[in-house]
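These are the residues of each chain, in order.
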Amino acid sequence: MTDFSGKKAIVLGGTSGIGLATTEMLRDGGAEVIAGSRRECEIEGVECVQVDVLDRTALSALFEKHNGFDYLVNAATGGPRAIGPFLEMDLQGYQNSFAKLWGYVNSVRLGVPHMTPTGAVVLFSGYPARKWRAGAIAIGSVGGSVEAFIHLSANEIKPVRINGVSPGLIDTPMSPLKGDERKDYYAKGSAEHLIPRAGTAEEVAAAAIFLLENQFVTGTIVDVDGGAIVT
Ligand SMILES: NC(=O)c1ccc[n+]([C@@H]2O[C@H](COP(=O)([O-])OP(=O)(O)OC[C@H]3O[C@@H](n4cnc5c(N)ncnc54)[C@H](OP(=O)(O)O)[C@@H]3O)[C@@H](O)[C@H]2O)c1
């Protein structure tokens, strides 16, 4: 396990799924971790803060309080996303799906000036960004924007590094389904993938940890998707 002792990490969306798994790995590696999201939370050995990534005033106050921090991870989904055929889609739903991008943009813009020069940022896109299928236009457009933002901002925020992880179909609390319905959803959704199962939050978080730790990687995206985009 990487030794993160002496490092301070802020993990937004760090209270569930992929963000929570990243929070726990950083904590277990010895980092001081602040996990933020809108809910109240209690995570052993972690400072929980209630913050909405769309609230720039609250985000600024958080970053100022932790001035000199090392790692920024943002896994916040931002809010509900629109799914389904574009021509039948509620356009407000499409627009609202971009809350994830604005939350990421807010955190990089407001957070990076408070980071150490050896610091690193990790954001999450998603396989619909480059697996162009019907019904995934809103999340695909948002994911594509997140990836462009990562590539483009890397040039501007250096020496702080920024990278992304593109998760495939991952079994997290993002899906509210239960029991057999949940099993069927993940089995059907991954049936055509090279590795035909849903991934785990820990498998995705491990890529985020690699990107934080490896000092020679910036401006890129790591796919953790069971081969979803190459099918
Ligand atoms: N799971 C998948 O299959 C999958 C696939 C592709 C991409 N991804 C991407 O991976 C990332 C993590 O997803 P996940 O599956 O781990 O989701 P998740 O389990 O639903 O967790 C989302 C986290 O974001 C927080 N959040 C949402 N809106 C927020 C806001 N406005 N302000 C602050 N925090 C907010 C949530 O907490 P609160 O509700 O308390 O705020 C929660 O901690 C997301 O970017 C997602 O789009 C996931």
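For the structure itself, look to the data block above.
These notes cover the structure that comes with them. Note that this is a predicted model, so its numbers are computed, not measured. (Residues numbered from 1 in each chain as written. Predicted model: local features only at pLDDT ≥ 70, side-chain atom pairs only at ≥ 80, totals over all residues.)

## Some remarks on the environment of Val165
For clarity, the threshold we go by: Only DSSP runs of H or I reaching four residues or more are called helices, and only runs of E reaching two or more are called strands; each is numbered from the N terminus. Here, residue contact means that the backbone-derived C-beta atoms of the two residues sit within 7 Å.
Structurally, Val165 is set in strand β6 (residues 161-167). When the C-alpha positions of Val165 and Thr220 are compared, they lie 8.5 Å apart, and in sequence the two are 55 residues distant. Excluding residues that lie within four positions of it along the chain, Val165 makes contacts with Val122, Phe124, Val204, Ala207, Ala208, Leu211, Val222 and Val224.

## What about the nonpolar core?
In plain terms, the rule: A set of buried Ala, Val, Leu, Ile, Met, Phe, Trp, Tyr and Cys residues, joined to one another through C-beta atoms within 7 Å, is what we call a nonpolar core. Buried means a residue has 20 or more other C-beta atoms within 10 Å of its own C-beta, exposed means 12 or fewer, and partly exposed covers the counts in between; C-beta atoms are placed from the backbone.
Judged by nonpolar contacts, the single largest core of 62 residues is most densely connected at Ala9, Val122, Val204 and Ala208. Excluding anything up to four places from it in sequence, Ala208 contacts Thr22, Val73, Val122 and Val165.

## Examining unusual backbone geometry
Between Lys158 and Pro159 the backbone carries a cis peptide bond, its omega angle lying at 15°. With respect to the helices and strands, the residue Pro159 is situated in the loop between α5 (137-157) and β6.

## Let's talk about the site of the ligand
Selection rule: Note on definitions: a residue is near a molecule or strand provided its C-beta atom, placed from the backbone, lies within 6 Å of it. Throughout this entry, Asp, Glu, Lys and Arg are counted as charged residues, while Ala, Val, Leu, Ile, Met, Phe, Trp, Tyr, Cys and Pro are counted as nonpolar. The remaining residues, Gly among them, count as polar.
Around the ligand, the structure places 28 residues, and the nearest of them are Gly13, Gly17, Ser37, Arg39 and Gly126. Broken down by element, the residue count for the shell around the ligand peaks at three residues, all from helix α1 (residues 17-28). A breakdown of the residues in the shell around the ligand according to their chemical character gives twelve nonpolar, twelve polar and four charged.

## Describing the packing of α1 against helix α7 (residues 201-213)
Under the convention used in this document: Axis lines are fitted through C-alpha atoms, for helices just across the contact stretch, and the angle between N-to-C directions can take any value from 0 to 180 degrees. By the definition adopted for this analysis, an angle is roughly parallel if under 35 degrees, roughly antiparallel if over 145, roughly perpendicular if from 65 to 115, and oblique otherwise. Crossings are sorted by hand: turned counterclockwise from the far helix by less than a right angle, the near helix makes the crossing left-handed, and turned clockwise it makes it right-handed.
The interhelical angle for the contact between α1 and α7, taken along N-to-C directions, is 55°, at an axis separation of 8 Å. Comparing their axes, α7 and α1 come out oblique. When you trace α1 past α7, the crossing you get is right-handed. Across the interface between the two elements, Gly17, Ile18, Leu20, Ala21, Thr22 and Met25 from α1 touch Ala201, Glu202, Val204, Ala205, Ala208 and Ile209 from α7. Split by residue class, the contact of α1 with α7 holds nine nonpolar, two polar and one charged.

No statement about biological role is implied by the geometric values presented.
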